[in-house]
Amino acid sequence: MRPAFEVADVLKRHWPLVLNDKRFNLWQIRTLGAIMRCRSADLGGHKDICCNCGNSRISYNSCRNRHCPKCQGKNRENWIENRENDLIPVPYFHVVFTLPDILNHLALFNPEAVYNSLFDAAWNTIKVFANDPKHLGAKTGMIAVLHTWGQNLSLHPHLHCIVPGGGLSAAGFWKYARNNGKYLFPVKAMSMVFRAKYAAALRMKFPDIDKNFMDSLFDQHWVVYAKRPFGNPHQIIEYLGRYTHKIAISNHRILNIDQHCVTFSYKDYRKGAKKLEMTLPVNEFIRRFALHILPKAFVRIRHYGILSSSTKHLTIPHIKQLLVYLESPFEKSFTTDIFNPKYCPNCKTDSMITVEIFHKRGPPDVLNSIIKSNHFILS
């Protein structure tokens with residue numbers, strides 16, 4: 001069901017606020033502008049006609065921006081399908097690395113350095129425990145996805161990762177983690193190592209950083225969460241797929257927009273994920289949303305170790321062979337509301353074809369459209 005309100009609606013009604021707000025950089029303004037124009041005549045579109053019943057439809061182009069609430073469904077589906085060949089039949093763990101809020105100001109000043117340090121520290125932490133014979137003694141891998149937001153759109157940088165419950169030994173054999181791969185690494189010890197690794201990464205990127213500030217990082221409570229997801233490997237990819245193409249807020253969470261405020265729903269996890277409502281002034285809502293626009297060309301989904309793009313074409317087939325992996329497709333257990341451009345809502349068949357493309361001037365004249373539609377059907 002189409003949401004009653006959208007982030008694009010907020011931007012359209014209050015675009016002068018965005019242009020006049022000096023807190024937004026040019027990249028953020030460009031991104032917000034793309035979201036505002038998504039699936040509108042401003043981006044052009046095309047006309048489809050059903051070759052079965054003659055039904056016609058005007059479709060506007062998407063902005064394809066990774067921060068747009070309307071453009072992530074198809075990307076998520078494609079990502080899940082592309083990960084099918086990366087699946088190995090071993091236990092996987094969902095691991096979350098979270099930065100303390102003392103780093104938020106630094107993230108606003110230099111988000112690229114702060115977020116890159118988060119990726120580096122998380123992977124180095126996993127490697128420390130994986131390489132240690134007391135814990136595993138093997139080379140493992142990781143897929144990590146960056147999120148920067150909390151439910152109320154506040155700045156809350158953290159990584160969602162999946163890590164296989166084992167790795168390749170130096171001799172090239174698969175070695176399971178403890179308890180036949182059902183236990184990864186101790187999270188309290190991981191938290192301390194993660195904190196030290198992050199501090200080291202931050203010093204590399206900010207050589208002149210204040211010593212007192214760095215010392216204060218060790219007074220903070222750093223959180224690492226690890227839980228083994230249930231189900232088969234395909235379900236694990238779907239599980240991570242929930243996070244890969246999420247954005248700060250979906251359109252369905254926006255409950256109301258008026259001249260001055262935006263009201264949206266959120267979950268308060270400190271109160272048992274209780275669903276609540278929050279109302280923010282328009283300029284504050286847009287500011288919080290813009291906090292989560294990543295720097296240009298920043299990579300927010302990264303692969304490491306035996307799952308990295310440079311080595312997985314060698315390591316994954318080898319692991320599958322070691323585990324006597326039977327090449328058979330996994331049964332898909334999820335549904336999707338992805339729009340099917342060939343589906344005709346009138347005759348319920350996949351028979352729509354594109355007969356005309358238009359650009360920023362908007363859709364063709366109605367009379368001409370009717371004439372062309374009739375001509376197409378008769379021919």
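Please refer to the structure higher up on the page.
Predicted model only: the values in this text are computed from it and were never measured.

It is worth spelling out the sheet that holds strand E10 (residues 261-268) at this point. The strand order across the open sheet built from 3 strands is E9-E10-E11, with neighbouring strands paired in antiparallel fashion. Each having just a single partner strand, strand E9 (254-257) and strand E11 (274-281) make up the two edges of the open sheet. Ignoring which end each strand starts from, the neighbouring axes of this sheet average 25° apart. One ladder, built from 3 bridges, connects E9 with E10; its direction is antiparallel. Residue pairing in the sheet places Ile-257 in a bridge with Val-262 of E10. Helix H11 (residues 282-290) rests against E9, E10 and E11 of the sheet, and its axis sits at about 115° to E11.

Moving on to the environment of Pro-164. Along the chain, Pro-164 turns up in strand E5 (residues 155-164). By relative accessible area, which is 1% here, Pro-164 ends up buried. Non-local contacts of Pro-164, meaning those with residues more than four positions away in its chain, are made with Val-90, Pro-91, Tyr-92, Thr-140, Gly-141, Trp-174, Leu-184, Ile-306 and Leu-307.

Here helix H8 (residues 187-205) contains 19 residues, and its C-alpha end-to-end distance of 26 Å stays within 8% of the 27 Å for a straight helix at 1.5 Å per residue. Among all positions in H8, only Met-190, Ser-191, Phe-194, Arg-195, Tyr-198, Ala-199, Ala-201 and Leu-202 are buried. Projected onto a plane normal to the axis of H8, the buried residues spread over an arc of 165° and lie on a single side. Set apart from the buried face of H8 by more than 90 degrees, the exposed residues are Met-192 and Met-204.

About the thresholds
Residues numbered from 1 in each chain as written. Predicted model: local features only at pLDDT ≥ 70, side-chain atom pairs only at ≥ 80, totals over all residues. Heavy atoms only, no water. Pairing = 2+ DSSP bridges. Helix = DSSP H or I, 4+ residues; strand = E, 2+ residues; numbered from the N terminus. Axes fitted to C-alpha atoms, helices over the stretch in contact; angles between N-to-C directions. Contact = heavy atoms within 4.5 Å. Buried < 20%, exposed > 50% of the residue type's maximum accessible area, 1.4 Å probe, protein only. Expected span 1.5 Å × (residues − 1). Arc of directions from axis to C-beta.

The values reported here are purely geometric and, on their own, carry no functional implication.
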